[in-house]
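The primary structure of each chain is shown beneath.
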Amino acid sequence: MTDFQKYTQRYLDQVPTGDWLAELKKSGEKTLGIYTNLTEEQSHFAYAEGKWTLKELLLHLSDCERVFQYRMLAFARGDKNNLPGFDEDEYAKKSFANERTLESLVEEYTLVRKSTQILSETLKPSALQATGIANGNEVSVETIGKLIVGHNYHHLNIIEERYLSKLGWI
């Protein structure tokens, strides 16, 4: 198994059912359920030195989803360009998430997720099976959709285990 396959499998394993489109909606609702119940002060919490705050984590979810969504669109439309990778830590450093309101970050996540849902739900089966090259690896549109879901669930688990539980919020 290649490094890419190992990397993607850890996210694909997070998708609890075979219906990734339903899980896309559920994971979004669960994320919003957590974030809409946080205070502005709580959203600045990081569970350890050098770790992202809850605000940075939410914007990370939106940033990654945008990148993955673009890949889905490009490959579904037949784009044969090798799409670049990205450095999530650099994105987070330059996001200024902590300078924004929690409300604005929640609104952004909501809109990004809605856009992903519309794109995903309107793709024909043939488009879902289309493949392309991202960060030097071939991947299908459907797999990218599942990665969005698995990535979101991965971070929901981290939020529950390392953020909310440490603060006694769950």
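Just so it is clear, the model here is predicted, and its values are computed rather than measured. (Residues numbered from 1 in each chain as written. Predicted model: local features only at pLDDT ≥ 70, side-chain atom pairs only at ≥ 80, totals over all residues. Heavy atoms only, no water.)

Draft legend 1. Region of interest: the overall build of the chain. Looking only at helices and strands, one finds seven helices and two strands in the chain. Counting from the amino terminus, the chain carries its helices and strands in the arrangement α-α-α-α-α-α-β-β-α. For 170 residues, the compact-globule formula gives about 15 Å, and the C-alpha radius of gyration of the chain, at 16 Å, lands near that figure. Referenced to the eigenvectors of the C-alpha coordinate spread, the extents of the chain come out at roughly 45 × 30 × 30 Å. Within the chain, the fraction of its 170 residues that count as buried is 45%. Carbon together with sulfur atoms contributes 50% to the accessible area of the chain, which is approximately 9100 Å² in total. Each charge sign in the chain was given a centre, from 20 positive and 25 negative side chains, and these centres are 4 Å apart. (Helix = DSSP H or I, 4+ residues; strand = E, 2+ residues; numbered from the N terminus. Rg over C-alpha atoms; globule rule 2.2 N^0.38 Å. Buried < 20%, exposed > 50% of the residue type's maximum accessible area, 1.4 Å probe, protein only. Areas by Shrake-Rupley, 256 points an atom, 1.4 Å probe, with all protein chains shown as cover. Lys, Arg positive; Asp, Glu negative; His and termini not counted. Charge placed at Lys NZ, Arg CZ, Asp CG, Glu CD.)

Draft legend 2. Spatial organisation of helix H5 (residues 102-122). The end-to-end C-alpha distance of H5 is 30 Å, a good match for the 30 Å that 21 residues give at a rise of 1.5 Å each. Turning to H5, its buried residues number three or more, namely Leu-102, Leu-105, Val-106, Glu-108, Tyr-109, Val-112, Arg-113, Thr-116, Gln-117, Leu-119 and Ser-120. Contact partners of the buried residues in H5: helix H2 (20-35), helix H3 (54-76) and helix H7 (141-164). (Expected span 1.5 Å × (residues − 1). Contact = heavy atoms within 4.5 Å.)

Draft legend 3. Local environment of the pattern of salt bridges. Summed over all chains, the structure comprises nine salt bridges. Here Lys-26 makes a salt bridge to Glu-23, at a shortest N to O gap of 3.8 Å. Highlighted residues: Lys-26 and Glu-23, both in helix H2, separated by three residues, approximately one helical turn. In this structure Glu-23 comes out as buried when scored by relative accessible area, which is 2%. Where salt bridges share partners, they join Arg-66, Arg-100 and Glu-108 into one cluster. (Salt bridge = Lys/Arg side-chain N within 4 Å of Asp/Glu carboxyl O.)

Draft legend 4. Spotlight on the nonpolar core. Tyr-35, Met-72, Phe-75, Leu-123 and Val-141 are the most contacted members of the largest nonpolar core, which totals 43 residues. Breaking this core down by element, the ones donating at least two residues are H2, H3, H5, helix H6 (125-129) and H7. Among the elements that line this core, the one with the most residues is H3, at eleven residues. Other than its neighbours up to four places away in sequence, Met-72 contacts Trp-20, Leu-119, Ser-120, Leu-123, Val-141, Ile-144, Gly-145 and Ile-148. (Core = buried A, V, L, I, M, F, W, Y, C linked by side-chain atoms within 4.5 Å.)

Draft legend 5. Quick look at the packing of aromatic side chains. Tallied over the full model, the rule gives five aromatic pairs. The interplanar angle of 85° and the centroid separation of 5.0 Å between the aromatic rings of Tyr-47 and Tyr-163 together place this pair among those described as edge-to-face. Taken together, the positions of Tyr-47 in the loop between H2 and H3 and Tyr-163 in helix H7 put the pair 116 residues apart, joining distant regions of the chain. Across the pair, Tyr-163 and Tyr-47 agree in class, each one buried. Seen in terms of ring centroids, Phe-68 and Phe-86 are 6.5 Å apart; in terms of plane orientation they differ by 75°. Their pairing is edge-to-face. (Phe/Tyr/Trp six-rings, centres within 6.5 Å; stacked < 30°, edge-to-face > 60°.)

Draft legend 6. Inspection of unusual backbone geometry at higher detail. We note that Phe-96 has phi near 55°; this positive angle belongs to a residue other than glycine. Of note, Phe-96 is situated in the loop between helix H4 (88-93) and H5. Positioned with a positive phi, Asn-135 is a non-glycine residue whose angle comes to about 55°. As for its position among the elements, Asn-135 is in the loop between strand S1 (131-134) and strand S2 (137-140).

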